[in-house]
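Survey of secondary and tertiary structure
Read off the chains here:
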Amino acid sequence: MNDVKQVTKVDVIVVGYGPAGLVLASLLGQQGHQVAVVERWPELYGMPRLTHVDGETARFISLAGDGEQAFREAWDTPHYYWVNGKGQILLDITGENTKKMIWDDHLSVHQPHFEEAIHDRILTLPNVKLFRGYVASEMSQDANTAYLTCVPWDAEKNAVAIDGVPVHLEAPYLVGTDGSKSFVRSSLGIDRIDLGFNRRWLLVDSYPTKPLPPKFDKKGMQYCDPKRPHMHIPIGSTGQRFNFALLDNEKTEDMNTEDAVFRMLKHFHGLGRQDLTLIRYLVYAFECRMAKSWRTGRIFLAGDAAHTTPPYLGQGACAAIRDSSNLAWKFDLVLRGLANESILDTYEPERRPHAFKLLQAARKLGILANLRNPFLAAIRDMVMRFKRPPSPAFPILTDGILARDASGKPMPGAGSLPGQGRLTIDGETKTFDEHIGFHFTLIAKHGVAAGIPAPLRKDLDSIGVRILDLAPRGQAAANGSVVDVDGVYGSLLDEMNADVAIIRPDFVLYGYSDSKGMVALLSDLLKQLRFTRGREVAQRAAA
Ligand SMILES: Cc1cc2nc3c(=O)[nH]c(=O)nc-3n(C[C@H](O)[C@H](O)[C@H](O)COP(=O)(O)OP(=O)(O)OC[C@H]3O[C@@H](n4cnc5c(N)ncnc54)[C@H](O)[C@@H]3O)c2cc1C
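Chains are numbered independently. Their residues run from 1 in the order of the written sequence. Selection of residues for local features in this predicted model requires a pLDDT of at least 70, selection of side-chain atom pairs for listing and counting requires 80 or more, and totals for whole chains, interfaces and linings are taken over all residues. Note that the side-chain values use all heavy atoms of the structure and ignore hydrogens as well as water.

1. Some points on the site of the ligand
Nearness is defined per residue: one heavy atom within 4 Å of the molecule or strand is enough. The environment of the ligand is formed by 34 residues, the closest being A20, E39, H52, D304 and A317. Pairs of N or O atoms within 3.5 Å make up the polar contacts considered here, provided that, within protein, one atom can donate a hydrogen while the other can accept it, and that residues adjacent in sequence are counted only when both atoms are side-chain atoms. A distance of 2.7 Å separates an oxygen atom of the ligand from a polar atom in the side chain of E39. In this structure, T51 approaches the ligand through a main-chain N or O atom, which is 3.1 Å from an oxygen atom. In this description a helix means any DSSP run of H or I spanning at least four residues, a strand means any run of E spanning at least two, and both kinds are numbered starting from the N terminus. For the shell around the ligand, the elements supplying multiple residues, two or more each, are α1 (19–30), β3 (35–39), β10 (134–141), β19 (276–291) and α8 (316–335).

2. Here's the deal with the domain arrangement of the protein
The domain limits used here are those given by an automatic or database domain assignment. Split by domain assignment, the protein resolves into domain 1 (7–73 + 106–192 + 288–364) and domain 2 (422–529). Here the quantity called buried area is the total loss of accessible area, with a 1.4 Å probe, experienced by two parts when brought into contact, counted for both. Each partner contributes to the roughly 1,300 Å² buried at the junction of domain 1 and domain 2, and carbon and sulfur atoms together form 66% of this total. On the domain 1 side of the interface with domain 2, the three residues burying the most area are R59, L63 and W329, jointly 47% of the side's total. Salt bridges are identified by distance alone: a Lys or Arg side-chain nitrogen within 4 Å of an Asp or Glu carboxyl oxygen. Summed over the shared surface of domain 1 and domain 2, the result is two salt bridges.

3. Description of the pattern of salt bridges
Tallied over the entire structure, the rule returns 32 salt bridges. Residue D205 is joined to R280 by a salt bridge in which the shortest nitrogen-to-oxygen separation is 3.6 Å. Of this pair, D205 sits in strand β15 (residues 192–208) while R280 sits in strand β19, and the two are 75 residues apart along the sequence. R280 shares its class with D205; the two are buried. For K430, the salt bridge is made with E428, and the minimal N-O distance between the two is 3.9 Å. A 1.4 Å probe rolled over the protein chains alone gives each residue an accessible area, and that area as a share of the maximum for its type sets the label: buried under 20%, exposed over 50%, partly exposed in between. You can call E428 partly exposed: its relative accessible area is 43%.

4. A look at a negative patch on the surface
Negative charge collects at one region of the surface, where D66, E68, D120 and E434 lie side by side. Tracing the backbone through its elements, the reader meets D120 in helix α4 (residues 111–123). On the basis of relative accessible area, D120 is assigned to the partly exposed category, the value being 33%. What goes into a patch is any residue over 30% in relative accessible area without a salt bridge, connected to like charges within 9 Å or, for nonpolar side chains (Val, Leu, Ile, Met, Phe, Trp, Tyr), within 5 Å. With residues, only the protein chains shown are counted as cover, and all accessible areas are computed by Shrake-Rupley using a 1.4 Å probe. His is not counted here, nor are the chain ends, while Lys and Arg score as positive and Asp and Glu score as negative. In plain terms, the charge of a residue is placed at NZ if it is Lys, CZ if Arg, CG if Asp and CD if Glu.

5. Some remarks on the side chain of K219
Structurally, K219 is set in strand β16 (residues 219–224). Although K219 is buried, it makes no salt bridge; D217 carries the closest opposite charge, 6.2 Å away. In this structure the side chain of K219 is engaged in a polar contact, spanning 3.3 Å, whose partner is the backbone oxygen of K215. Note on contacts: a residue pair qualifies if any of its non-hydrogen atoms lie within 4.5 Å across the two residues. Leaving out residues up to four positions away in the same chain, K219 has contacts with T77, H79, Y81, P214, H232, I233 and P234.

6. Thoughts on the packing of helix α12 (residues 454–462) against helix α14 (residues 518–528)
Lines fitted to C-alpha atoms define the axes here, with helix axes fitted over just the stretch in contact, and angles between the N-to-C directions of these axes take values from 0 to 180 degrees. One can describe the packing of α12 onto α14 by two numbers: an axis separation of 11 Å at closest approach and a directional angle of 45°. Judged by the inter-axis angle, α12 sits oblique to α14. Here α12 and α14 pass one another in a crossing that is left-handed. Note on element contacts: α14 touches α12 through V519, L522, S523 and L526, opposite L456, D459 and L460. Roughly parallel means an angle under 35 degrees; roughly antiparallel, over 145; roughly perpendicular, 65 to 115; everything else is oblique. A clockwise turn of the near helix away from the far one marks a right-handed crossing, whereas an anticlockwise turn of less than a right angle marks a left-handed crossing.

7. Considering the packing of aromatic side chains
Ring pairs are drawn from Phe, Tyr and Trp, using the six-membered ring of Trp, whenever the two centres fall within 6.5 Å, and their geometry is named by plane angle: stacked under 30 degrees, edge-to-face over 60, tilted for the rest. Counted according to the given criterion, the structure contains 20 aromatic pairs. With 5.0 Å between their ring centres and 35° between their planes, Y173 and F331 make a pair best called tilted. You can see Y173 sitting in strand β14 (residues 173–176) and its partner F331 sitting in helix α8, a full 158 residues away along the chain. We note that Y173, like F331, is buried. Criterion for a charge above a ring: Lys NZ or Arg CZ within 6 Å of the ring centre, and within 35 degrees of the ring normal. We note R59 situated over the ring of F507; from NZ or CZ to the ring centre the distance is 3.7 Å. Its guanidinium or amino end placed over the ring of F197, R199 lies 5.1 Å from that ring's centre, counting from NZ or CZ.

8. Quick word on the nonpolar core
Put simply, buried Ala, Val, Leu, Ile, Met, Phe, Trp, Tyr and Cys residues joined by side-chain atoms within 4.5 Å make one nonpolar core. Counting residues in each nonpolar core, the largest one holds 139 residues, and the members touching the most others are L148, F331 and L442. Ranked by residues supplied to this core, first place goes to α8 with ten residues. Each of domain 1 (7–73 + 106–192 + 288–364) and domain 2 (422–529) contributes no fewer than three residues to this core. In contact with F331, not counting residues within four places along its chain, are V12, L28, Y173, V175, F300 and L344. Counting residues in hydrophobic clusters, the runner-up holds 17 residues, among them L212, F242, L271 and V283.

9. Thoughts on the sheet that holds strand β4 (residues 52–54)
In short, DSSP must find at least two bridges between two strands for them to pair. Pairing within the open sheet is antiparallel, and its three strands lie in the order β4-β8-β5. Both outer strands of the open sheet, β4 and β5 (75–76), are each paired with one neighbouring strand and no more. Summarising the sheet, β5 and strand β8 (residues 106–108) pair through two bridges and their orientation is antiparallel. Counted as the bridge partner of W75 is S108 from β8.

10. Let's talk about the environment of A362
Mapped onto the fold, A362 is located in helix α9 (residues 347–369). Among the residues examined, A362 registers a relative accessible area of 1% and is labelled buried. For A362, the residues in contact, after removing those within four places along its chain, are T309, P310, Y312 and L313.

11. Focus: the UniProt feature "domain: FAD-binding" (unreviewed entry) in the protein
UniProt positions are given in the numbering used here, feature names are shortened, and annotations may be inferred rather than shown by experiment. UniProt's feature table lists "domain: FAD-binding" (unreviewed entry) at residues 9–361, given in the numbering used throughout. Spanning residues 9–361, this segment combines 27% helix with 34% strand, and its end C-alpha atoms are found 41 Å apart.

12. Quick look at α12
Within the span of α12, buried status applies to L456, D459 and L460. What you see down the axis of α12 is that its buried residues fit within an arc of 100°, all on one side. Along α12, exposed side chains directed more than 90 degrees from the buried face belong to A454, P455 and K458. In the segment just after α12, G464 is the residue with positive phi, at about 85°. For this quantity, the arc is that covered by the directions from the helix axis to the C-beta atoms.

13. Some thoughts on the pairing of strand β24 (residues 428–431)
Moving residue by residue along a regular strand, the side chains alternate between the two faces of the sheet. Here strand β23 (residues 422–425) runs beside β24; their pairing, made up of four bridges, is antiparallel. In the strand pairing of β24, R422 is matched with T431. Where β23 folds back on β24, the antiparallel hairpin that results is connected by two residues, among which D426 adopts a positive phi of roughly 50°.

This is the structure in structure tokens:
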């Protein structure tokens, strides 16, 4: 018998091929890194779980896969109304569709489509090895390497396959994107903070077989009815989701039945088997938890493994994909030997507070939606209808790799998310993302970037910084300048009273300055990136 252990060595091991794992594997793979993905199920799940992504997330998805394919049956969600038991409007979560990111601000999506689009892109990358139908079973690490053993999973029996041959993986980094019950997190012994929200809801996904009544048209509705909170929301342009809260005295197993589903549909919407085909139904336990730490040594947590949110804001997967994008560009710089590994220390300080604010907001909304006491519900209705405080602003990054002012705090606006516009470069007009991809960008008023000294320019080139020399407003591009078709980037500079601005690969505004401060701004960026000018590559090669 040959008992020599076969080991596959890669740059990054990704455990879990949900939204977070797909995006991470694709972005790293497209950057040319060796990636191994381990996923329990042999095929993509093929059924919707999330139904909403925001415009920022749509940008990441369309960098990870083909956007047209991903969103082929998506449409905008102009309204997500919250109403009380009498049908009076308390809140509209979506608000005006600004299309700030070019994509709609809120897209109703068919999750299997975007997962398939990213997977198809990954299949074109021979450097991404997929171990699907394997479950991560043992994990360890030492000073230089993370080790993972995976065993085949019998999908039919929903159990570890008997007599399967294990796979052994090694890499300098491992990321657990393995969902809320994360094996990676529990193997690291990391506990979670429970923010104290636990509710059971029956989820029903369906394809209508005939047009549904107008109340379902292109909008989500959250009925904050103390008798039984419930909601409905489209799944892309073809499906329809319904959710019904379980009452305290209702048993999960009694509600996880087709009879219960049609009883609810009949009672609340007058719908029956003649109106729709069921895709699936399931009682979910919504929870609100945050891992106490998102990293131990060479092993990181991302997505639901790090933070699990109730779905009232539709932000769980959006946050998961932000985690992956944040890690992807930092791993890229480290793996190319251009940044010291300590840049990875900025992952959690950047992502944790952002995700935590969304968790808190979703929990607050969840509590309001689930109020069962009629007296408290009446007070909620009064406050929300007549004295509602303005919604808190969407969180921005508040720490990490951001330009600082003299006091060391991020400069005003750094960490925010500028919009996306179209650019004409070499006669071709496309979106910023289509032209630039996943790179740092210096946006500069015409002629200003010529002031970058050659050695600094060489360093910037080595990390892939794209320089956009904006043609003066209303003028055609000349000598390599770029037309800011929608005026988005000129307006950004005007708003910041700046001549240059730096945008990170994850679309975040790093900082800005006037032309005199440009060299200091760029040099400081390199410093914050722990730029090594490739020294680490040489050191590694020597070692
Ligand atoms: C009803 C509902 C509605 C939601 N709606 C929205 C919404 O509209 N918008 C939104 O942004 N979010 C929404 N969410 C949240 C969203 O679904 C999650 O935040 C998102 O799926 C997290 O992605 P992930 O990749 O981190 O984890 P997951 O999607 O959970 O993927 C984890 C993967 O890891 C695999 N895995 C687990 N353990 C192992 C192991 N040991 N070995 C190998 N593989 C393993 C699993 O099979 C799975 O494929 C909703 C959630 C629910 C429950």
